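Observations on the model geometry
In case you want the letters, here they are:
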Amino acid sequence: MNIILLGPPGAGKGTQAQMLVEERGMVQLSTGDMLRAAVAAGTPIGLQAKAVMASGALVSDDIVNGILSERLDADDVRRGFILDGYPRTPAQAEALDALLAEKGMHLDYVIVLAVDEDALVDRISGRFSCAKCGAGYHDRYKLPKAEGVCDVCGSTEFKRRPDDNAETVRTRMAEYRAKTAPILPFYEAKGLVRRVDGMAPIEDVKAAIEGILTT
Ligand code: ADP
Ligand code: AMP
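Residues numbered from 1 in each chain as written. Chains lettered and ligands numbered in written order. Predicted model: local features only at pLDDT ≥ 70, side-chain atom pairs only at ≥ 80, totals over all residues. Heavy atoms only, no water.

**Description of the site of ligand 2**
Just so we agree on the cut-off: Being near a molecule or strand, for a residue, comes down to having at least one heavy atom within 4 Å of it. Any pair of nitrogen or oxygen atoms within 3.5 Å is treated as a polar contact; in protein, a donor-acceptor pairing is required on top of that, and neighbouring residues in sequence qualify only through side-chain atoms on both sides. The Shrake-Rupley method, run with a 1.4 Å probe sphere, supplies the accessible areas, and residue values consider only the shown protein chains as cover. Secondary structure elements follow DSSP: runs of H or I of four or more residues count as helices, runs of E of two or more count as strands, with numbering from the N terminus. Residues are grouped as follows: Ala, Val, Leu, Ile, Met, Phe, Trp, Tyr, Cys and Pro are nonpolar; Asp, Glu, Lys and Arg are charged; every other residue, Gly included, is polar.
As a matter of local geometry, ligand 2 sits amid 16 residues, with Thr31, Arg36, Ala57, Gln92 and Arg161 nearest to it. Arg36 places a side-chain nitrogen or oxygen 2.9 Å from an oxygen atom of ligand 2. At 2.6 Å from an oxygen atom of ligand 2 is found a main-chain nitrogen or oxygen belonging to Ala57. Burial of ligand 2 by the protein chains amounts to 97% of its free accessible area of 480 Å². Looking at the shell around ligand 2 element by element, the count peaks at 4 residues for helix α2 (residues 31-41). Here the residues of the shell around ligand 2 are counted per class, giving 7 nonpolar, 4 polar and 5 charged.

Here you go:
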């Protein structure tokens, strides 16, 4: 099973992807995570992407198509993958189609997390994650079970993203509306789109996605 999780920043894509990884053994392919790793490692791609990401704008299609193509060559993706944060432009959607055809892979669903934009700043400003394993949390909606201790790996160190501030979030949302939302008709025409209520509690969103994947 190979899926795309689609929705604006803060819609819950990473949260749901992490649960699908844990429970179904799927592989999460987050271009945002890949780019942040490149920035942290100081690679040439990271150096190019750093300022763009900090501003909330989109990194160039060529760069993200390149890192995604390379990632799709690893064996683990054959277990089934979840694309989280890719594709983000019509050109990326076209490139993905070509890549999948070339590699003999296919897409099963494009699951859209439908959310109310007003909730997103609140979601994003409360977001934090484990500094060791990356498990995602929220100041109010998803706290670790034991205060200050990661549920998954037991680490006591957490981090926040530098681009999770109110100003950058607005740019990221504008980018989503202008460049990412227009890819929906492309997938609708293929009959792949399924919508879930992303405003529901995390466990209910999870159940709705499970319902789609098991039909
Ligand atoms: P995305 O990957 O789409 O940018 P995240 O999965 O990181 O979004 O979610 C953004 C923040 O909102 C995180 O702190 C997460 O814990 C929280 N969150 C995710 N889904 C929900 C939900 N259904 N209800 C409330 N908070 C949520
Ligand atoms: P995310 O982790 O998905 O919120 O992405 C964080 C940032 O990385 C975005 O604001 C963009 O600058 C960049 N980015 C991630 N994925 C893509 C993509 N598919 N296309 C262009 N830029 C991306």
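**Comments concerning the site of ligand 1**
Surrounding ligand 1, one finds 19 residues, the nearest of these being Lys13, Thr15, Arg127, Tyr137 and Ala200. A distance of 3.2 Å separates an oxygen atom of ligand 1 from a polar backbone atom of Ala11. In this structure, a nitrogen atom belonging to ligand 1 sits 3.4 Å away from a side-chain N or O atom of Arg123. When isolated, ligand 1 has an accessible area of 560 Å², and the protein chains bury 91% of it. Considering only residue class, the shell around ligand 1 consists of 9 nonpolar, 6 polar and 4 charged.

**Comments concerning the environment of Ala11**
Where we set the bar: Contacts are assigned to residue pairs with any non-hydrogen atoms lying within 4.5 Å of each other.
Following the sequence through the fold, Ala11 ends up in the loop between β1 (3-6) and α1 (13-24). Sequence separation between Ala11 and Val21 is 10 residues; the distance between their C-alpha atoms is 18 Å. Setting aside residues up to four positions removed in sequence, Ala11 forms contacts with Leu113, Val115, Leu120, Arg123 and Gly198.

**Side note on the packing of aromatic side chains**
Applicable threshold: Pairing of aromatic side chains requires ring centres within 6.5 Å, counting the rings of Phe and Tyr and the six-membered ring of Trp. Pairs whose planes differ by under 30 degrees are stacked, by over 60 edge-to-face, and all others tilted. Only Lys NZ and Arg CZ are tested; either one counts as a charge over a ring when it is within 6 Å of the ring centre and within 35 degrees of the ring normal.
Going through the model one piece at a time under the given rule, you end up with 4 aromatic pairs. Considering the side-chain rings of Tyr137 and Phe158, the 5.8 Å spacing of their centres and the 80 degrees angle between planes classify their relative orientation as edge-to-face. Placement of the pair is Tyr137 in strand β6 (residues 136-138) and Phe158 in strand β7 (residues 158-159), with a sequence separation of 21 residues. On the numbers, 5.0 Å between centres and 85 degrees between planes, the contact of Phe186 with Tyr187 is edge-to-face. The structure contains a cluster of three or more aromatic residues connected by ring pairs, namely Phe128, Tyr137 and Phe158. The ring of Tyr137 has Lys142 sitting right over it, with the charged end atom 5.2 Å from the ring centre.

**Overview of the state of the cysteines**
Stated formally: Note on disulfides: each one is a pair of cysteine sulfur atoms within 2.5 Å. Only protein chains enter the accessibility calculation, which uses a 1.4 Å probe; a residue whose area is less than 20% of its type maximum is buried, one above 50% is exposed, and one in between is partly exposed.
Counted under the stated rule, the structure contains 0 disulfides. Between Cys133, a cysteine without a disulfide, and Cys150, which holds the nearest cysteine sulfur, the sulfur-to-sulfur distance is 3.7 Å. By relative accessible area, which is 37% here, Cys133 ends up partly exposed. Judged by its relative accessible area of 3%, Cys150 falls in the buried class.

**Quick notes on helix α6 (residues 118-125)**
So the rule is basically this: This arc corresponds to the set of directions leading from the helix axis out to the C-beta atoms.
Taken together, the buried positions of α6 are Ala119, Leu120, Arg123 and Ile124. The arc that holds every buried residue of α6, seen down its axis, measures 125 degrees, which confines them to one face. Of the surrounding elements, those touching the buried residues of α6 are β5 (127-130), β6 and α7 (166-180).

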